[in-house]
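A closer look at the structure
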Amino acid sequence: MKDHCLYWFEIRDKKQRDTFLDLLNSHRENKEVENYRKVPAKTLKAYESSQGNVIYIGVRTGKGFGSKSRHTNIAERINQHLGYYSTNSTQGLQLSSYVYGCDINITLKVFQFSNLKSDYLTLIEKAVARYFKPHCGQH
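It should be emphasised that the depicted structure is a prediction, and the values quoted were computed from it without experimental measurement.

Points about the sheet that holds strand β2 (residues 54-60)
For sheets, the rule is that strands pair by backbone hydrogen bonds, running either parallel or antiparallel. Here we have 3 strands laid out as an open sheet, ordered β2-β1-β3, and antiparallel in their pairing. Of all the strands in the sheet, the pair left with one neighbour each is β2 and β3 (107-113). Averaged over neighbouring strand pairs, the angle between their axes works out to 15 degrees when direction is ignored. For strand β1 (residues 4-10) and β3, the ladder comprises 7 bridges, and the chain directions are antiparallel. Within the sheet, the bridge partner assigned to E10 lies in β3 and is T107. Strands β1, β2 and β3 of the sheet are contacted by helix α3 (residues 118-132), whose axis makes an angle of about 175 degrees with β2.

Examining the side chain of H135
Within the secondary structure layout, H135 lies in the segment after α3. At 2.8 Å, the side chain of H135 and the backbone oxygen of G52 are in polar contact.

Scoring rules and cut-offs
- Residues numbered from 1 in each chain as written.
- Predicted model: local features only at pLDDT ≥ 70, side-chain atom pairs only at ≥ 80, totals over all residues.
- Heavy atoms only, no water.
- Pairing = 2+ DSSP bridges.
- Helix = DSSP H or I, 4+ residues; strand = E, 2+ residues; numbered from the N terminus.
- Axes fitted to C-alpha atoms, helices over the stretch in contact; angles between N-to-C directions.
- Contact = heavy atoms within 4.5 Å.
- Polar contact = N/O pair within 3.5 Å; in protein donor to acceptor, adjacent residues only side chain to side chain.

Written out as structure tokens, the structure is:
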């Protein structure tokens, strides 16, 4: 996928979601660990009581639309969320750092936009976040 993308991670099972959030928060608070990887910020106060399935919502600017980002391919961004990016300080879910070996079914949904100006991408992300109320990330 080389165009602009909106994506999100979700966990349908409430027990698995709660386990995941406990693991994420524990990792977030344990910054002294060797090779600590930065994770997304806690969610907005308005979303704190969310019981939804969506964990994180993000966007990725595609190539060919004047992007100044080095990381324009959605696959590179998902690699960061999986925790396999070479830089520990790049914010992402970093799943391999704290859910490795856990039985949690996480679904990734990606929507690609053709011929969408990048100005609209952030607006779409904010609207989708307002609807889903993700458990982490600032929107």
